[in-house]
Amino acid sequence: MDALNPLLDNTELPAFDRIRPEHVGPAVDTLLADAEAALERAVGPDVPADHDTLALLLDVPVERLRRAWAHVNHLQSVADSPALREAHAQALPRIVDFTTRLGADHRLYAKYKAIAASPAAERLSPAQRKALADTLRDFVLGGAELQGAARERHAAIQDRLAALGKTFGDRSLDATDAFQLVVPEERLAGVPADVVAAARSAAAAAGHASGCLLTLQIPCYLPLLQFAQDRALREQLFRAYNTRASDLGPAEFDNTGVMAEMLALRTEEAALLGHASYAELALVPKMARTPEEVLAFVRQLAARARPSAERELAELRQFAAAELGIADLQAWDRLFVAEKLKQARYAFSSQEVKQYFTEPTVLKGLFGLIETLFEVAIRPDTAPVWHETVRYFRVWRGDRPVAAFYLDPYARAGKQSGAWMDDSRSRWRRPEGGLQLPVAHLVCNYAAPVGAQPALLTHQDVVTLFHEFGHGLHHMLTQVDELSVAGISGVEGDAIELPSQFMENFCWEWEVLQRLTSHVDTGEPLPRALFERMRAARNFQKGLQLLRQCEYALFDMRVHTEPASAARAMAVCEEVNAEVQPERAPDFARYPCTFGHLFDGGYAAGYYGYAWAEVLSADAYGAFEEAGVFDAATGRRFREQILEVGGSRPALESFRAFRGREPRLDALLRHQGLA
Ligand code: ZN
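If you're wondering where the values come from, they're calculated on a predicted model, not measured in any experiment.

Let us now look at a nonpolar patch on the surface. On the surface, Ile218, Leu222 and Leu335 cluster together into a nonpolar patch covering about 220 Å² of accessible area. Within the secondary structure layout, Leu335 lies in helix H13 (residues 334–346). Here Leu335 falls in the partly exposed class, since its relative accessible area comes to 36%.

This is how it looks when you write it as structure tokens:
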């Protein structure tokens, strides 16, 4: 069996056409056993604390396990089946368990510390030193330096936080699901027909003889708030949505106490590890240095966005009063009025735009841009794939291959929605010899071609495609030889979106769009007038949007910085609202109670990262605006100083090397029409 198991063959590209669910279990058995044995050998007394020895002994089998598992994960995302899901679910806890133990093994930590302390450490390359420092840092953050009672307490806090996070998520979900409202169809005037139809069949399915069933799920809630002319209905839904899982709803869903306990435990965890606050601890592996720096950043951004937000709000009030007969604009009117104002001002059909974005022209334009800016060539090639529509390309510099990628473009059954970049394997100067080149997965979900016509992309599809290629280029063009800091590995979490958001900017550039579009019938590029309307609509209400982001980020940073905040999270929420927004939120609003990013996700003291990376990417793109969007020298500098170095040095250093100075807010504000 083993000899035939394609998941165990790591010599060539994975045999995606031959991997079957029944291969998963046996492959994981073998690879996990190898990795476990390697770990035991590596921490033994007869193994010297030496970089190359440890890499050969431990990193090779661990990478082999991770790579095979990446293939399984990938197939589960793009070609799911009940059998594969089952095989994946059975293997997953074993993989997680091993990874957790590997990251907390004290014997291994001691070995790495010994390497760092040895005279040989002087001879490590800068990338190897960064990788070693990251490894030691992660052990410390995981509590590896703690002893005795402190270690036990730390572990207990981790367990309790995991359980509380799950409770928080469950209650948010249950509170959302618990709300159901059946209304006569007349009350849905203005709502799009497909939403009404879905609500009608939901009512029927729940056994109601007539009427429409409304819920707080986004596909129902959002269009109701945007389009329902019935103001009282909007208010009722808005209240229900904004009080979910709070003290204003059923006690069994109330997350107030869960939040308080989590905040207190995080403060305690930070103290155990020698930090003044949880935010300080969370920022250790980030680009931002201190909570104070983040607080100042968010406050500055909010102050700069405030005048535009005030103007936008005044516009909304005016339009509501003059055109819609709403004299006192309330929170539950905002989306409704904004939608009407947007239609009145920038009406254009996304269907019309779509006719210009034909897939072959879009890809030709995108590849051409990449080839010009980053001095590579992208050529179609062949490899085993998991679906007939998947394409494989190699990336060349001169006559030398540097990377490869799979492009899986279309939506289909059994494929997860959304778009993403994943690494299939990373660049690595392998310890046993040879240079492994990076391979990326670029996965999108736009509509497949119909008949003889090429696929047509919406402009948003194109932006998403560019975004994922930004991640892909970061992964593929790296010149770093050290596995854990090559490409996107080892890049700070608040800087990882730099190349991806950077690439999005090109989709709003007239010169680029000329090469990216050809009308499906006439072959004409995008007309200027249509482009101008698209650009104007892009910045609609950007000030208010940015303030909302700042509000969330400031709340997140304050509750994770101020030790006394555990017991008064809602008070902090109100203070932040008063500080940031030109208009106070209704006093029943309780968004923290369902703020999953902070309490059931990985964004605690990290929400600012969205805006942070946007500032970096906009400012980096500013260099291209100054020199010309196709400027070869700027492209080379971006490639060499940002893309090629990956995680081998701090992101701020890379940014400075590219831009010649510290990051500035101006470009972001200019792009969003807020400057
Ligand atoms: Zn991204």
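Next comes the rest of the description.
A word on the coordination of the zinc ion. Distances from the zinc ion to its protein donors, His467 (NE2), His471 (NE2), Glu497 (OE) and Glu497 (OE), fall at 2.1 to 2.8 Å. Its four donor atoms give the zinc ion angles of 50 to 140° at the centre, a pattern that matches the irregular case. Mapping the donors of the zinc ion onto the primary sequence yields the spacing H-x3-H-x25-E. Taken together, the residues His467 and His471, both in helix H16 (residues 459–476) and four residues apart, mark about one turn of the helix. Take His467: its relative accessible area is 13%, and that puts it in the buried class.

Okay, the packing of helix H6 (residues 148–178) against helix H10 (residues 256–272) next. Relative to each other, H6 and H10 sit at 155°, their axes nearing to 10 Å. The orientation of H6 relative to H10 falls into the category roughly antiparallel. Relative to H10, the crossing made by H6 is left-handed. The segment H6 lies against H10, with Ala150, Arg153, His154, Ile157, Gln158, Arg160, Leu161, Leu164, Gly165, Thr167, Phe168 and Arg171 engaging Val258, Met259, Glu261, Met262, Leu265, Arg266, Glu268, Glu269 and Leu272. Taken together, the residues of the contact of H6 with H10 sort by class into 10 nonpolar, four polar and seven charged.

This part takes up the nonpolar core. If you look at the biggest cluster of nonpolar residues, it comprises 141 residues, and the most contacted ones within it are Phe374, Phe405, Phe502, Met503, Phe506 and Phe638. Among the elements that make up this core, the one with the highest residue count is helix H12 (residues 291–324) (12 residues). Once residues within four sequence positions are removed from consideration, Phe405 is found in contact with Phe367, Ile378, Arg391, Tyr392, Phe393, Val395, Ala440, Leu442, Phe469 and Met476. Core analysis: the next-biggest nonpolar cluster, separate from the first, contains 48 residues, Val43, Ile115, Leu132 and Leu136 among them.

Glancing now at the side chain of Glu359. Along the chain, the position of Glu359 falls in helix H15 (residues 359–374). Setting aside chain neighbours within four positions, we find Glu359 in contact with Arg391, Pro409, Tyr410, Tyr446, Ala455 and Leu457.

Along the primary structure Leu335 and Arg234 are separated by 101 residues, whereas in three dimensions their C-alpha atoms are 9.9 Å apart. In this view, Leu335 contacts Leu222, Leu225 and Gln226; residues no more than four positions away in its chain are not counted.

Before going further, it helps to spend a moment on the sheet that holds strand E9 (residues 439–446). If you walk across this open sheet you meet the five strands as E3-E4-E5-E9-E6, and the pairing is mixed. For this open sheet the edge positions go to strand E3 (377–381) and strand E6 (420–425), each flanked by a neighbour on one side alone. Between one strand and the next, the sheet's axes are offset by a mean angle of 30°, whatever the strand orientation. With seven bridges joining them, strand E4 (residues 391–397) and strand E5 (residues 400–410) adopt antiparallel strand pairing. Bridging across to E5, Trp396 finds its partner in Pro401.

Scoring rules and cut-offs
- Residues numbered from 1 in each chain as written.
- Predicted model: local features only at pLDDT ≥ 70, side-chain atom pairs only at ≥ 80, totals over all residues.
- Heavy atoms only, no water.
- Patch = residues over 30% accessible without salt bridge, like charges linked within 9 Å, V, L, I, M, F, W, Y side chains within 5 Å.
- Areas by Shrake-Rupley, 256 points an atom, 1.4 Å probe, with all protein chains shown as cover.
- Salt bridge = Lys/Arg side-chain N within 4 Å of Asp/Glu carboxyl O.
- Helix = DSSP H or I, 4+ residues; strand = E, 2+ residues; numbered from the N terminus.
- Buried < 20%, exposed > 50% of the residue type's maximum accessible area, 1.4 Å probe, protein only.
- Donors = N, O, S within 2.8 Å, 3.2 Å for Na, K, Ca; no water.
- Tetrahedral: all angles 85-135°; square planar, octahedral: opposite > 155°, others 65-115°.
- Axes fitted to C-alpha atoms, helices over the stretch in contact; angles between N-to-C directions.
- Parallel < 35°, antiparallel > 145°, perpendicular 65-115°, else oblique.
- Left-handed = near helix turned anticlockwise from the far one by under 90°.
- Contact = heavy atoms within 4.5 Å.
- Nonpolar A, V, L, I, M, F, W, Y, C, P; charged D, E, K, R; others polar.
- Core = buried A, V, L, I, M, F, W, Y, C linked by side-chain atoms within 4.5 Å.
- Pairing = 2+ DSSP bridges.

Treat this as a map of the structure, not an account of what it does.
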